[in-house]
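# Observations on chain architecture
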Amino acid sequence: MLCLGAQRLRGLPLRGLPLSRCPGHPRSVSGLEGKDNPASSAETRWKERAETVIIGGGCIGVSLAYHLAKAGMKDVVLLEKSELTAGSTWHAAGLTTYFHPGINLKKIHYDSIKLYEKLEEETGQVVGFHQPGSIRLATTPVRVDEFKYQMTRTRWHATEQYIIEPEKIQEMFPLLNMSKILAGLYNPGDGHIDPYSLTMALAAGARKYGALLKYPAPVISLKARSDGTWDVETPQGLMRANRIVNAAGFWAREVGKMAGLEHPLIPVQHQYVVTSTIPEVKALTRELPVLRDLEGSYYLRQERDGLLFGPYESQEKMKLQDSWVANGVPPGFGKELFESDLDRIMEHVEAAMEMVPVLKKAHIINVVNGPITYSPDILPMVGPHQGVRNYWVAIGFGYGIIHAGGVGKYLSDWILHGEPPFDLIELDPNRYGKWTTTQYTEAKARESYGFNNIVGYPKEERFAGRPTQRVSGLYKTLESKCSMGFHAGWEQPHWFYKPGQDTAYRPSFRRTNWFEPVGSEYQQVMQRVGVIDLSPFGKFDIKGQDSIRLLDHLFANVIPKVGFTNISHMLTPKGRVYAELTVSHQSPGEFLLITGSGSELHDLSVQVRKLRFGSQNVLKPVFLTLTLTVGNLPPCSCFVLSARSWIQTVDLPSRSFASIFSLLFSLLWIEEEAAKGGYNVEIKNITDELGVLGVAGPHARKVLQKLTSEDLSDDVFKFLQTKSLKISNIPVTAIRISYTGELGWELYHRREDSAALYSIIMDAGQEEGIDNFGTYAMNALRLEKAFRAWGSEMNCDTNPLEAGLEYFVKLNKPADFIGKQALKQIKAKGLKRRLVCLTLATDDVDPEGNESIWHNGKVVGNTTSGSYSYSIQKSLAFAYVPVELSKVGQQVEVELLGKHYPAVIIQEPLVLTEPTRNRLQKKSGKDKI
């Protein structure tokens, strides 16, 4: 009995068993029992060919089978090694919520809940879906701020969410101790569902629409064929698949290894406790809402006439199942559980009893301790995987039940239509790279689990597992001078501090200790000269006799002349912005392409795949020369027909030779295809080879001219020109461009030369007052110049016309670039919204992006990014608003932390760029003459 006190719980016998090896259905743990269809489970059919083979019969895999089959795909086959729901699905607590701090992940949650609401009617299968709502509790003032922050990021979504007062909370959950509760974040449509019944209903729907669900059918091996198909081997026989989807839960690493990949996943032991009947709960006339006590770090919901609560222990106390990473999942593990360990969760038990006092006299009937698979950042990995053709993943789900319905629909739409229905780059499986070691994965998974309920600040940084091997040549020089941010494995300075300044990491919803130093960095660039480490940029070298024709088809802009640079965008077939790159034509047919940090595997993958395998098949096969690097061995080149993302250096030092040769096997089929002709292009990812220094400010030319014999004058080295030169005998590729909008150059050089190059420039600039600046200052500078940022102002949810990118889109160029026809149709129909620039006077808070825009009492749009403008001492933001509200001078309101601030749309840019100022000055001089 809990009433004897949590400190004595360990010595008490539990009423029932702790279910260390429970063979039954999960609702013997938490809810209604579902019923499988015996005839269906004994399916004897077998298919030799399949369009899509899904590996894994948990809720994620079954949802995808259901959605693909319902959408009309023929020959959908799901293979499960033991039985449906085996793994993490069957023992899940089954929570469902509309809430998520990620903007587009809210859409996944929304689609899941809307599906679950109608699934029983559609399939005839009981799903045990309860929707009593949920309340997240705020017991500190900073939590109230967090709720206000989340509210302004939700109002322009379809999800229902409200902040409610303590009186309303007590009315809805009368069993609470209200002494510490300040507010609640309430989602009316939230609740919980029986995971077993949900999966069985999805399975019934999948069969209804023609999918084959085969189990037990463990996958023994996967072999990639030269034509892009897969041989999937099981004990029942061999199946040929046009595509495979790894949805194998905590078996995903084993399945990935069969395809030659190391997925950064690790199982975490998660416990929850189920009580027997509690009289006060039984006496209630309506079901209690799901409760999330964020400071206590646990969830609690009603389970029949008792309660179920599950804690998230601190990273010091939680337990990883790291033996599975080292030795693999034990054979036969499926519907088993780990031994319970109540010692780990005692502080959370005590917090729950204090918040819900009736728990003190409740009996525990079950303690469930099961594996849940985590990725390093707790987000799943969803989509096609770089490096292996026609291999997709839906893995790493820490919250699989709420994601299952939405992810099934998302992936189905992507597979069937050739592009994702909306942007979810945060789930891109290619966000990890060779820097993602096992040690890093373990450290981050431990941190992510322990931080499940910490306050979600803007500009949040998490420090476990850092730094990785992916540090620039300046890391040791700068680490003691600045606050570093983490970008795709890289460490990059966010802001610099001076002696006597507060150097601590102090996240806040308001201006904090970085505000004044960033202002100094802003002035440094505007008045003198600053240096910034830009090494995390993604960098590609592209050359070959067909490189111009290839890029002309990929990009909406024209191809720059030799020696020049431009900004170019790749679009999806539907005319949305897939990527933004800087394209520099170094020598005839040879290009340097630059993209944002973390995007190097994103930008040049799916687009090239579309050239051959997209719906239009507009080009012949694209042949790419690739460099393979294995440990310290000399690199070898392969001639490859690209089906997806073989357009980077594949660095495999951590893989076994067996995995490497398995990977190379899939390349042998090019001998068959080589004679067919096509585009001869060599593309190499040089992201880790090159460092980048940005030098910007009115004295940038003066400083650099001291170090080179190359003439850097405005007439000789023009804006958007690129040249190879030497800075004090260090070879660099210099591009006259700066994301600050001020006079500046980006200097691309060997990574090992970074420290020396930096030192030389800093020494040369002492007379000009040279100093460092970081990405926070650069963001403020680029916003004042109205420079758009990919991922904020533009992504796969926006088209370039509404984003104000018309200058970079050449609809009249001869090449039929991807998305051209769709963009013409969008232009002909007219736009419904536009991106605008607005200013607002606030107190101590600035827009970050995704805040709600109000007009006449209604939400009419959202911000995309924002900052403080140190030039006019007001807040500045980009925002999407309806076309009719997009005129200069239009007044709107921006919601920040629960308060509406008056804002006005301004003529952009707020500050003219240096090239524009220079051009106007010259013109003015001529006019005077």
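Up top is the structure.
Attention in this report is confined to the structure presented alongside it. For clarity, every value in this text was computed on a predicted model and none was experimentally measured.

Criteria and cut-off values
Residues numbered from 1 in each chain as written. Predicted model: local features only at pLDDT ≥ 70, side-chain atom pairs only at ≥ 80, totals over all residues. Heavy atoms only, no water. Pairing = 2+ DSSP bridges. Helix = DSSP H or I, 4+ residues; strand = E, 2+ residues; numbered from the N terminus. Axes fitted to C-alpha atoms, helices over the stretch in contact; angles between N-to-C directions. Buried < 20%, exposed > 50% of the residue type's maximum accessible area, 1.4 Å probe, protein only. Contact = heavy atoms within 4.5 Å. Arc of directions from axis to C-beta. Parallel < 35°, antiparallel > 145°, perpendicular 65-115°, else oblique. Left-handed = near helix turned anticlockwise from the far one by under 90°. Nonpolar A, V, L, I, M, F, W, Y, C, P; charged D, E, K, R; others polar. Phe/Tyr/Trp six-rings, centres within 6.5 Å; stacked < 30°, edge-to-face > 60°. Lys NZ or Arg CZ within 6 Å of the ring centre and 35° of its normal.

Spatial ordering of the closed barrel is given by β36-β39-β38-β37-β40-β41, a layout of six strands whose pairing is antiparallel. Averaged over all adjacent pairs, the angle separating strand axes in this sheet is 45 degrees, with direction ignored.

All right, on to the environment of Glu447 then. With respect to the element layout, Glu447 can be found in helix α13 (residues 438-450). Look at Glu447 and you get buried, because its relative accessible area is 3%. When sequence neighbours within four positions are dropped, the list of residues in contact with Glu447 reads Gln315, Arg462, Phe463 and Ala464.

Those residues of helix α24 (residues 820-829) that sit buried are Lys820, Ala822 and Leu823. One face of α24 carries all of its buried residues, which in axial projection span an arc of 160 degrees. In α24, the exposed positions that point more than 90 degrees away from the buried face belong to Gln825, Ala828 and Lys829. Where α24 is buried, its residues touch β24 (565-571). Looking one or two places after α24, you find Gly830, whose phi comes out positive at around 95 degrees.

Next up on the list: the packing of helix α3 (residues 59-70) against helix α7 (residues 195-208). Two measures define how a pair of helices packs: the angle their axes make with one another and the distance between the axes. Contact geometry for α3 and α7: axes closest at 8 Å, N-to-C directions at 30 degrees. By the angle class used here, α3 and α7 are roughly parallel. Both α3 and α7 take part in a crossing whose hand is left-handed. The segment α3 lies against α7, with Cys59, Val62, Ser63, Ala65, Tyr66 and Ala69 engaging Thr199, Leu202, Ala203, Gly205 and Ala206. Classifying every residue of the contact of α3 with α7 gives eight nonpolar, three polar and no charged.

This part is about the packing of aromatic side chains. The full count for this structure, using the stated rule, is 33 aromatic pairs. Ring centres 5.2 Å apart and planes at 50 degrees place the aromatic pair Tyr149 and Phe509 in the tilted group. Separated by 360 residues along the polypeptide, Tyr149 in helix α5 (residues 141-152) and Phe509 in the loop between β21 (490-496) and α15 (515-527) bring together distant segments of the chain. When sorted by exposure, Tyr149 lands in the same class as Phe509, which is buried. Three or more aromatic residues joined by ring pairs form one cluster here, namely Trp514, Phe515, Tyr522, Tyr776, Tyr868 and Tyr870. The lysine or arginine in question, Lys106, covers the ring of Phe99, its NZ or CZ lying 5.5 Å from the ring centre. Note that Arg736 overlies the ring of Trp745, its terminal NZ or CZ placed 5.9 Å from the centroid.

Any functional reading would require information that these geometric values do not contain.
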